[in-house]
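Spelled out from the first residue to the last, the chains are:
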Amino acid sequence: MGKGGRAETKPQAQAVWKSPYNPLAKDAPKLPSKSEIKAVIPEHCFKRSGLISMLYVVRDLTMATAFVYGTSQLLSTDVPTEPVSFLIWAFGWSNYAFWMGTILTGPWVLAHECGHGAFSDSQDFNDLIGFILHQALLVPYYGWQYTHAKHHRRTNHLIDGESHVPPTKEDNGLGENLERNTFYAAWHEAMGDGAFAAFQIWSHLFLGWPLYLLGLASTGKRDVNGEPLEGRIADHFRPESPMFPGKLRSKITLSTATVILSLMGLVYLKMEYGALPVILWYWGPYFFVNAWLVLYTWLQHTDPSIPHYGDAEWTWVKGALSTIDRDYGIFCFFHHRIGSTHVCHHLFHELPCYNALEATQHIKAFLEPKGLYNYDPTPWWKAMWRIAKTCHYVDSTEGIQYFKSLEDVPLTKDRKQD
C-alpha cells in the first residue's frame, strides 16, 4: 500500500458478542452500589398494582381459553389412519403444544412475579394467585419461591448459586490433566461436537426442569445451613429437604400435596377420557412451558464471557450485573419481557414486569457508558446453540471462573497417539 492509499478490506467473520465487563482487567470499572443504580429509575416504576397485574392474568388466560376452543374445533384426539391425514394431525397437535406452552408461560411468569412480591402490595394476595397459577402447572409454589429467591440472592455464585450452577471439570468427568474419564467428557467424545450440543439443548429444555425440582441437576452445592451437600439430594418436595429451613415445612407440605392432587386429577382424566387426550391437551404444552422457563434462566446467565465467582470474589452487585438481556421478538409479548429486561429484574425483583421496560432504559443509560450493561443482540436461537457448544464446565469453585468448552479438550484417541 502506497502513501495515502487505502488498505484492502477482507471480509471478516461475524463478531461474537462478549460481555463488556471483565473483572480481571486492570482497568475494570468500579461497580456502583444497588442504591446508586436504583436512584436513576423513576419512582413510579416501583409502584405495584394488583388490578393491572390481574388484567394481565385475565389477558393470558383468555388467550389460552380461546386457543383451546379454536383447537377443539379443528383437531380431534382420534388418531387418523390415513398417512397424509396423520401428518396433518401430528403437525396440528405439535403446533398446539408449542403455542399453548408459549401462552401458558405468561401466567407462569406472573406467578413468578407473585413469588417476588411484585404482583401487588399484598403478599397474601400474591401468594394466593401465585399458588393457584403455579400449582396448576405442577410447580411447587412455596418450595420454588424459596429457592428462586436464593437464585437472586446469590446470582453467579459458584457454590451458593441456585439453578444453572456451573459444573466443575471433575463434575463433567475430566481428570486433573483434562483426561476424559467418565460422564459428559466421555459422552462428548463419543457423540461429537454437534450431536453433543443438540443433546445439551434437549436435556436442558425437556429434562432440566423436572430434574432440577427433584434435586438431581443444577442445584447449589450447600444446604440451607451453609454445609456441603455431599451427595444429599436437595429436592423441592420433601419438607426435610436440605435446602429448606424448618419454618417452611408446612408450606412445602402444602405445595407438594397440591402437586400430588393435581397429578391425581390428571390420572382421573386419563381414566375417564384415555391417555392420549390428556397427553395432547395437557402434557404437550406442559413440556414447552418448562422448556421456555429453563431457556430463559439458562441464556440470561450463561455465556463464555460472563464471570462466575467463588466465595472470596462474589458480591451481590457482581452477581446481579452478570445477567444478560436478550431480545426474544414476539415471545416478549407472551412472556412479559422477562428475557429482555432480565438485568432490571435481577437488580430489582420487586419491580413489576409492566414497568420493567422503562426501568431498563434508565438502567442501560446509567450502566452502558461504564461498560457494565450486558445486552447480547444475537438471535436467541443462535445464542442457545453457541452456549450449548461452548459452556460446559469451569476449572474450580474458587476465584473468578469462566465457562470452558469440551470442544477444546483433547480427545482420548489423540492423547494416545501423542
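Within each chain, residue numbers correspond to sequence positions counted from 1 in written order. The model is predicted, so local features are restricted to residues of pLDDT at least 70 and side-chain atom pairs to those at 80 or more, both for listing and for counting; the totals for chains, interfaces and linings are taken over all residues. Heavy atoms from the whole structure form the basis of all side-chain values; hydrogens and water molecules are not counted.

Asks: Kindly report on the side chain of His342, identifying the contributing residues and their values.
Replies: Summarising the element assignment, His342 is placed in helix α12 (residues 342-347). There is a polar contact of 2.8 Å between the side chain of His342 and the backbone oxygen of Ile338. Note on contacts: a residue pair qualifies if any of its non-hydrogen atoms lie within 4.5 Å across the two residues. With residues up to four places along the chain from it excluded, the contact list for His342 reads Gln300, His301, Thr323, Ile324 and Asp325. Helix and strand assignments come from DSSP, with helices taken as H or I runs of at least 4 residues and strands as E runs of at least 2, each series counted from the N terminus. Nitrogen and oxygen atoms within 3.5 Å of one another constitute a polar contact, given that in protein one can donate a hydrogen and the other can accept it, and given that sequence-neighbouring residues count only through two side-chain atoms.

Asks: Lay out the nonpolar core in plain terms, naming residues and giving numbers.
Replies: Each nonpolar core is a collection of buried residues, namely Ala, Val, Leu, Ile, Met, Phe, Trp, Tyr and Cys, held together in the definition by side-chain atoms within 4.5 Å. The rule is simple: take the accessible area with a 1.4 Å probe, protein chains only, and divide by the maximum for that residue type; under 20% is buried, over 50% is exposed, in between is partly exposed. One finds Trp108, Trp209, Leu295, Leu299, Tyr328, Trp380 and Met384 to be the most contacted residues of the largest nonpolar core, which totals 46 residues. Listing elements by their share of this core, those giving two or more residues are α3 (83-116), α7 (193-213), α9 (275-299), α11 (331-334) and α14 (380-390). Top element by residues in this core is α9. It accounts for 12 residues. In this structure Tyr328 touches Trp292, Leu295, Tyr296, Leu299, Gln300, Gly339, Ser340 and Trp380, once residues within four positions along its chain are discounted. Grouped together as the second largest cluster of nonpolar side chains are 22 residues, Leu351, Ala356, Ala359 and Leu372 included.

Asks: Talk me through the state of the cysteines; I want residue IDs and the actual numbers.
Replies: Criterion for a disulfide: a pair of cysteine sulfur atoms within 2.5 Å. Under the definition given, this model contains zero disulfides. Of the cysteine sulfurs around Cys114, a residue in no disulfide, the closest is that of Cys353, at 9.9 Å. Between Cys344, a cysteine without a disulfide, and Cys45, which holds the nearest cysteine sulfur, the sulfur-to-sulfur distance is 7.8 Å. According to the relative accessible area criterion, Cys344 is buried, its value standing at 2%.

Asks: Residues and numbers for the packing of α7 against α14, please.
Replies: Relative orientation and spacing of two packed helices are given, respectively, by the angle between their axes and the distance between those axes. In this description, a line fitted to the C-alpha atoms serves as the axis of each element, helices being fitted only across the stretch in contact, and the angle between N-to-C directions of two axes falls anywhere from 0 to 180 degrees. Following both chains from N to C, one finds α7 and α14 inclined at 110 degrees, their axes separated by 8 Å at the closest point. Relative to α14, α7 is oriented roughly perpendicular. Here α7 runs over α14; the crossing is right-handed. Facing Asp193, Gly194, Ala197, Ala198, Gln200, Ile201 and Leu205 of α7, the residues of α14 in contact are Met384, Trp385, Ala388 and Lys389. Classification convention: Asp, Glu, Lys, Arg as charged; Ala, Val, Leu, Ile, Met, Phe, Trp, Tyr, Cys, Pro as nonpolar; all other residues, Gly among them, as polar. Its residues assigned to classes, the contact of α7 with α14 comprises seven nonpolar, two polar and two charged. Each angle receives one of four descriptions, namely roughly parallel if under 35 degrees, roughly antiparallel if over 145, roughly perpendicular if within 65 to 115, and oblique otherwise. Take the far helix as the reference: if the near one is turned anticlockwise from it by less than a right angle, the crossing is left-handed, and if turned clockwise, right-handed.

Asks: Let's hear about unusual backbone geometry: which residues, and what values?
Replies: If you check the backbone angles, Ser163 has positive phi at about 75 degrees while not being a glycine. Mapping Ser163 onto the fold places it in the loop between α5 (141-153) and α6 (183-191). Even without a glycine there, the phi angle at Glu230 is positive, about 50 degrees. Within the secondary structure layout, Glu230 lies in the loop between α7 and α8 (249-273).

Asks: Residue-level account of the packing of α5 against α8, with values.
Replies: Packing of α5 against α8 brings their axes to within 6 Å, and their N-to-C directions diverge by 125 degrees. One finds that α5 runs oblique with respect to α8. On α8, the residues touching Tyr141, Tyr142 and Gly143 of α5 are Lys251, Ile252, Leu254 and Ser255. The residue inventory of the contact of α5 with α8, partitioned by class, reads four nonpolar, two polar and one charged.

Asks: Any details on the packing of aromatic side chains? Residues and values, ideally.
Replies: Stacked, tilted and edge-to-face pairs are distinguished by plane angle, under 30 degrees for stacked and over 60 for edge-to-face with tilted covering the rest, among Phe, Tyr and Trp rings (Trp via its six-membered ring) whose centres lie within 6.5 Å. Taken as a whole, this structure holds 44 aromatic pairs when the rule is applied. Relative to Tyr96, the ring of Phe67 lies with its centre 5.7 Å away and its plane at 15 degrees, an arrangement referred to as stacked. One end of the pair, Phe67, is in helix α2 (residues 50-74); the other, Tyr96, is in helix α3, and 29 residues separate them in sequence. Residue classification places Tyr96 among the buried positions, given a relative accessible area of 2%. With a centroid separation of 5.8 Å and 25 degrees between ring planes, the pair formed by Trp99 and Phe331 is classed as stacked. One end of the pair, Trp99, is in helix α3; the other, Phe331, is in helix α11, and 232 residues separate them in sequence. Exposure remark for Trp99: the relative accessible area of 27% places this residue in the partly exposed category. Two conditions define a charge sitting above a ring: the NZ of Lys or the CZ of Arg must be within 6 Å of the ring centre, and it must be within 35 degrees of the ring normal. Here the guanidinium or amino end of Lys38 rests over the ring plane of Phe46, the centre of that ring lying 5.0 Å away.

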